[in-house]
Structure formats: C-alpha cells, structure tokens
Amino acid sequence: MKKQNWYKLIYQFAIIGILTFMGFRLLFDKAYAPDFEAYCPFGGIQALGSYLTMDSLSCSMTSTQIMMGVALFIGIVLFSRLFCGYICPLGTISEWIGKLGDRLKVRFTPAGWIDYALRFFKYALLFLTFYYTLKSSELFCKKFDPYYAVASGFDSDVALLWALLAIVALVLGSFFMRLFWCRYLCPLGALSAIFKFSYWFLGVMALYVILLLVGLDIPYLYPLIVITAGGYILEITRMKKVRPDPVHITRNTDSCIDCGLCSVKCPQGIDVANMVKVTHTDCTLCGDCLYACPEKNTLQINRKNMKWLPGLVLGLLIILGITAGTLFELPTIAQKWGTPEQIASAGVFEMSGLKNIKCFGSSTAFANQMRKVTGVYGVSTYVASHSVHILYDTTLYDDEKLQKLLFVPERRIIKSVAKDVDSVTYYSLTVDKFFDPLDATYLQHLLDQKTEACGYQSEFACPVIIRIYFPAGSEPDKETLVKAIESKNLSFTSNGNDFSVKLPYKVITFEEPAVRISKREYAEQMFTPTTSHFNGFSKYSPDVIMQYVLRMGANASLKARYSYLISHLSNDKGVVGFETSLDSVGAEVGSVLFIDSLTTADRIFTTVNADTLLFHYSDGRTGKLANPFSFPEQGTVKPTTDNR
Ligand code: SF4
Ligand code: SF4
C-alpha cells in the first residue's frame, strides 16, 4: 500500500480546513471578524524591521507575529523551511495544483539559466516589500499577496491589479511550472533562502550594527541591498550546498537501489537519488522522499529514522512563538518629542480600553493629536491591549486632567424629531467604561435599536455624563433604558459591513424625572456647526459667492460623514465651501457655497445625490464610498451676502 506522509498532510489539511471554515463562516456570519494575519511570521519579521528602523510596528502587528517570525528564523536555521513545506497555504495550493498539472502531463520544471533568471523576481519582490514597509510602517506585501487579497475580500490595502496578477500567477503558474509561486515570486521564499544561508544574513547584520555603533549613519537601504542581492547570488551559485545545514535528508548509498522514486516524489524537484546529503536550498524537510523510498534505512534524517522530527519541531516552534508573543507587548509606536530634561522628569499616564487604538494608522493619528498638547512629551501605543502611555508634565496635569484631554465629547443625532412633536425630554446619567469615540458609535446603535431616542451627547466626568433625548412622550422608564445601555452584545451594519461587539457599560447614576425642553432648545443643544472652505474660497469677494441651501433632514444624523460629502463636493471647482446652520424652526440646513459662473445649482443637486462619493485622503489618494446622503428636495439659491 502507498505510504502517506501524514505528518505533512495533517498540517496541510488542518491549515486549509481552518481557513476554509473561516471563509465560509464569514460568508454566512457577517458579524464574524476573523484576523487572517494573527500568526503571520512574514508580517512579524517586517514589523520587527519597522520597529528597529522607525520605532513603530507595521499595521496591526503585535508581539505574537514578531515571535512567530523569530520562531520561523530559528526553525529555518536549525532545521529547514518547515513553514513552506507544512503550513504555508500558498505552498499547499501550489503543490496540489501542480499535482493536477502532472496528471495532465502539462507541468514542467524549469532548469539551468531559465530557472536561475526566474529566481531573481522573488528577491526583487523581497527588496521592494522591505524597502516600502520600513519606509512607511505599512505592510507593503498586502498590495499583492494572493492570500491576503482573498482572505480580506480585496480590502482597501490591496492593489487590485497586482493582486489579480499574483493570483493568476499562483494558479496558472503552479499548473504549468513546478511551484512557480514559491520558487520564483514568493518574497518569504526568498527570505527563507537567505535565512538558510544564516552565516551570510547574520554576518551582514552584525557588520551593519557594528558600523552603526561606531557612529556611521548608514541607511538601512544598504544592508537591504547587500542581503537581498547576496541572497540571490548565493541561491543560484550554492543551491545544492547550503551551509550550515545541521538537519537534512541523508541517503545510504549502500542500500539504495537507484530506483529514483525519491526524486520523482520530491515536490521541489530535488534530485535526491543522486545526493548523499540533501543540503539543497529548496528542501523544506517535508519528508515526502522518505515515504517514497522502498528500501529500509536508506533515506533518513541525519542517518536516523526520525520521520516525525520535522512535524514535531514545527509544532513546538508554533507553540513557542505564540506563547512568547503573549509574554510581552511591544509598543506599536513609541514617540518622544520633549527635551531630555522634560522626559527625565515626566510622569507616565497609562490608560487601556481605548478601542480606537487599533493599528499603526490610528496610533499615529493619536500621537499627532498629542503633539499639539502643551506639556505632553511623548506617547506609546499598544494595539493588542488598546492602551496608551503618555509622558506628561506633572506640574500641569494629573490623571483626571489627562483623561479629560483624551476624551472627545460627542453630540449624536440618532433620528429626526417628527414635525408634529413640539418638545423633547432628556435623562442625564453617568456610565462607567464609556470613553472612546467608538463607545459613542456603539451607544448610538444601542439607542437606535432599543429605544425611541432622537439623540444624545456626552460630557467629560468620571464616569462620563450622558444626556439622552427623546421626542416628548416616547421616553422609556428608567429600568428599560438602563437595560438597553447595559446590553452585553451589539450587532449593527455600517457601510455595508456587519459588526458584532461585546459591551461593558454600566449605568452608575440616573437622574429622574426626565427634563422637558422645547424642540428649538434641543436643536441648539445638539447643534455643532460645520464650516469648510476650499477651491480658492478666499480669492472670491462675498458678492460673487452664492449659496445653495439644502434642508439636511435625516442627513443631519450623518454628521460624522460630512467630511466625505465635503470632499466629494470639492471635485466641482465651482464649489468653494460648505457650512451648516439652524433655520428659524431649529432644523439644520446645509449651505453649499458656489460661484455661479463656474457651476450650477442643478449640478450641485446631482453631485450631492450621486450614488458614490469620490473623496480625497490627506496624502492625495482618492477613495470611494456609497453615498449615505439623500436630498429629495431641490435646494434654494441665494446670495451669501443675505446672511453675512
Ligand atoms: S528532498 Fe525530501 S524532504 Fe526535501 S523537499 Fe524534497 S521530498 Fe521534501
Ligand atoms: S527512493 Fe530510496 S532507493 Fe530509490 S533512489 Fe531514492 S534513496 Fe535510493
């Protein structure tokens, strides 16, 4: 009976099975939010690189991925490319597609100079991946990684054309050429080969560190070029002679009958039957050749029958990586801008549970916000625990003042008050564990789903004060409202995506009875004016600027997205601003400021009702969003001088 390499197959089926399960669950359970990169060693190595060069971890990488990367390195240096052979989903798919190609007799193994030339591309991709990741602290490989593209559903980090090309290369390439992706395109394949030539990698890194220590300011670009270029040269010149290679396949030439089955079965196409020691750069220690050999004690690992060794070592490395990753947490960013004296005398304020601290981007935004605050000298963020450390001047702040500094008061309109309702009532309460802007969003959805609330606002205190408004007569009793706020779970849809979150809120105080105010007072209490000028607004005199006044109606509840609408409006060079105000009855109106010689009211009406909003990021990139705004009624045009 044909002997199966179950050690390898169990790993491969387990990984593909887990990913398939996650994918199917995602299809049917839209609230499910899996992290497909949670244990990615390649992401971890890139994150470690950006941490060492920029003091920041890439994207949402944490110490877990970094320790998985360290485990990968140890595994390759001491054993082999176990990750490639056993658990890489792209390697498994390439191998399985290749077997189909073999059955149809269409697959071939490039050799000689064609093979050598093609191997260059994975080193070029490795260079680009590290160069751009270390420069931006964003994982560059996400742009073209077929695994990430499919797992993330082609999210905004994916460059669609590159990813589609990579998927075609993976599927078609593997069908016609032996492990096309792994051998010629995979940057992790290139990095793994470099790690196999460990004396080279460690030697260059050691030299670089020494040069830095003696005071030479050498950019990381140079060691990156040396390591990748040297790795390629070593791969093509010393492909069969990796040194050191402490654990490898050995062939007993005395008992070998030269049947050649081991060479046929090797997924990497290594000519095992003509080697005494397999110290080939492509060998993953997968063990397939061991199972193919019909002669006892002929093919072994280090001349011993240890078929179980690679599978066991891989399992231990995975456990080691995950365990080590939980023992410490590296900051996603750690920035200090105070003088050495200020930092030496600074206090450290720690706060966790900030749900908004979830990746490199949000951490950077937080640091930029803190840089503007007098007496704050530095911040560190930790995305795994959603926490921050702030270095501050102890003569200016205490814990409560710093909490107030971090707090963003919110005013959220949940739904508009019906025309025939002339007054509004509100309850004031304090809520523990409510702090972050995301909490404000969660509370908005809770109140929308479970009550008739028309809006709420939050104010800093310990705990935070919340004032919740209801159209008069629709306010719930205390017990119902407290139960709604203290809900343990929340599911909601935003931008077409479903979310499911666990909530920790606890109502501490509750003022009764409800206070009644007029609709106009409610409108004034909830209103935050928006003013945005662009497209050369200041160069026009007020008498040539017209305003196209739109009733905001239900759109007023979308205040958090006004910036998208404004950015979208700015695509029309005749539009020079957007402002909001309250009309005589307290209803919010939006005024689109425009130059009537450059655009028209009809064009603006079409723009604000477009199916898609085309907006601009601050770095110049553009994005698209399904338009959440709807203006059923045409606006009115009047000169801006009417209200100035
Ligand atoms: S030589 Fe053996 S262990 Fe190495 S990749 Fe080929 S089949 Fe796997
Ligand atoms: S499969 Fe075994 S017997 Fe056949 S060539 Fe390879 S080592 Fe020799």
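Presented here is a report on the structure given in the accompanying data block. (Residues numbered from 1 in each chain as written. Chains lettered and ligands numbered in written order. Predicted model: local features only at pLDDT ≥ 70, side-chain atom pairs only at ≥ 80, totals over all residues. Heavy atoms only, no water.)

Focus: the overall build of the protein chain
- Each helix and strand counted, the protein chain has 23 helices and 21 strands in total.
- Expressed along its principal axes, the backbone C-alpha trace of the protein chain runs to roughly 100 × 55 × 55 Å.
- Looking at the protein chain as a whole, 51% of its 644 residues are labelled buried.
- Accessible surface computed for the protein chain: about 31,400 Å², of which carbon and sulfur atoms make up 61%. (Helix = DSSP H or I, 4+ residues; strand = E, 2+ residues; numbered from the N terminus. Buried < 20%, exposed > 50% of the residue type's maximum accessible area, 1.4 Å probe, protein only. Areas by Shrake-Rupley, 256 points an atom, 1.4 Å probe, with all protein chains shown as cover.)

Notes on the pattern of salt bridges
- Counted under the stated rule, the structure contains 19 salt bridges.
- Notably, a salt bridge pairs Glu410 with Arg412, separated by 3.0 Å at the nearest N-O pair.
- Note on Glu410: relative accessible area 14%, which makes it buried.
- We classify Arg412 as buried; its relative accessible area is 13%.
- A salt bridge links Asp572 to Arg603; the shortest N-O distance between them is 3.7 Å. With Asp572 in the loop between helix H22 (562-569) and strand E17 (575-582) and Arg603 in helix H23 (residues 601-608), this pair connects stretches of sequence that are 31 residues apart.
- Where salt bridges share partners, they join Arg81, Asp115, Arg119, Lys122, Arg183, Glu235 and Asp282 into one cluster. (Salt bridge = Lys/Arg side-chain N within 4 Å of Asp/Glu carboxyl O.)

A look at the environment of Asp271
- Among the secondary structure elements, Asp271 is positioned in the loop between helix H13 (261-265) and strand E2 (277-278).
- Of the residues examined, Asp271 reaches a relative accessible area of 36% and is grouped as partly exposed.
- For the pair Asp271 and Ser192, spaced 79 residues apart in sequence, the C-alpha to C-alpha distance is 20 Å.
- For Asp271, the side chain forms a polar contact with the side chain of Asn274, separated by 2.7 Å. (Polar contact = N/O pair within 3.5 Å; in protein donor to acceptor, adjacent residues only side chain to side chain.)

A short note on the site of ligand 1
- Taken together, 13 residues are adjacent to ligand 1, and Cys266, Cys283, Cys286, Gly287 and Cys289 come closest.
- Grouping the constituent residues of the shell around ligand 1 by class yields nine nonpolar, three polar and one charged. (Near = heavy atom within 4 Å. Nonpolar A, V, L, I, M, F, W, Y, C, P; charged D, E, K, R; others polar.)

Observations regarding the packing of aromatic side chains
- Taken as a whole and assessed by the stated rule, the structure comprises 29 aromatic pairs.
- Between Phe492 and Phe499, the aromatic rings sit 5.3 Å apart at their centres with planes inclined by 25°, giving stacked as the arrangement.
- Overall, the relative accessible area of 10% leaves Phe492 in the buried class.
- An aromatic cluster is present here, built from Phe127, Tyr131, Tyr132, Phe140, Phe144 and Trp162 joined pairwise through their rings.
- One cation-aromatic arrangement involves Arg467 over Tyr426; the distance from NZ or CZ to the ring centre is 4.1 Å.
- Arg621 extends its terminal NZ or CZ atom over the ring of Tyr617, reaching a point 4.5 Å from the ring centre. (Phe/Tyr/Trp six-rings, centres within 6.5 Å; stacked < 30°, edge-to-face > 60°. Lys NZ or Arg CZ within 6 Å of the ring centre and 35° of its normal.)

Re a nonpolar patch on the surface
- Where nonpolar side chains cluster on the molecular surface, the patch consists of Leu100, Leu104, Val106, Phe108, Val168, Leu172 and Phe176 and spans about 630 Å² of accessible area.
- Relative to the helices and strands, Leu100 resides in helix H5 (residues 89-103).
- Taking relative accessible area as the criterion, Leu100 reaches 49% and is therefore assigned partly exposed. (Patch = residues over 30% accessible without salt bridge, like charges linked within 9 Å, V, L, I, M, F, W, Y side chains within 5 Å.)

What to know about the side chain of Asp245
- Of note, Asp245 is situated in the loop between helix H12 (221-237) and strand E1 (249-251).
- If we skip the residues at most four places from it in the chain, Asp245 touches Phe79, Val278 and Thr279. (Contact = heavy atoms within 4.5 Å.)

Topic: the pairing of strand E20 (residues 622-626)
- On E20, burial follows the alternation: Gly623 and Leu625 on one face are buried, whereas Thr622, Lys624 and Ala626 on the facing-out side are not.
- Bridge analysis of strand E19 (residues 612-616) against E20 gives five bridges, and the strand direction is antiparallel. Looking at E20, one finds that Thr612 is bridged to Ala626.
- Between E19 and the antiparallel strand that follows it, E20, lie five residues; Gly620 among them carries a positive phi value of about 100°. (Pairing = 2+ DSSP bridges.)

Re the sheet that holds strand E10 (residues 455-459)
- Ordered in space as E8-E10-E11-E9-E14, the five strands form an open sheet in which the pairing is antiparallel. In the strand order of this sheet, the two ends are held by strand E8 (411-413) and strand E14 (506-518), each with one partner. Across the sheet, the mean angle from the axis of one strand to that of its neighbour is 15°, orientation sign disregarded.
- Inspection of the sheet shows strand E9 (residues 423-432) paired to strand E11 (residues 464-471) by eight bridges, in the antiparallel sense. Its bridge partner lying in E11, Tyr427 is registered against Ile468.
- The sheet contacts of helix H20 (residues 478-485) involve E9, E11 and E14, and relative to E14 the element is tilted by about 125°. (Axes fitted to C-alpha atoms, helices over the stretch in contact; angles between N-to-C directions.)

Observations concerning the nonpolar core
- One finds Leu82, Phe130, Leu191, Ile249, Val272 and Leu299 to be the most contacted residues of the largest nonpolar core, which totals 72 residues.
- Looking at this core element by element, the count peaks at six residues for helix H10 (residues 187-196).
- Setting aside chain neighbours within four positions, we find Val272 in contact with Arg251, Cys262, Ser263, Cys266, Val278, Cys289 and Leu299.
- Judged by nonpolar contacts, the second largest core, of 49 residues, contains Phe366, Val388, Phe435 and Phe460. (Core = buried A, V, L, I, M, F, W, Y, C linked by side-chain atoms within 4.5 Å.)

Thoughts on unusual backbone geometry
- Cis peptide bonds are those with omega within 30 degrees of zero, and the linkage from Arg243 to Pro244 qualifies with -10°.
- Mapping Pro244 onto the fold places it in the loop between H12 and E1.
- A cis amide bond links Glu512 to the next residue, Pro513, at an omega of -5°.
- By secondary structure assignment, the location of Pro513 is in strand E14.
- Its identity as a non-glycine residue notwithstanding, Lys105 has a phi of 55°, on the positive side.
- Checked against the element boundaries, Lys105 lands in the loop between H5 and helix H6 (112-136).
- The exposure class of Lys105 is exposed, given its relative accessible area of 74%.
- A positive phi angle, close to 55°, is found at Asp258, a residue other than glycine.
- Mapped onto the fold, Asp258 is located in the loop between E1 and H13.
- Residue classification places Asp258 among the exposed positions, given a relative accessible area of 59%.

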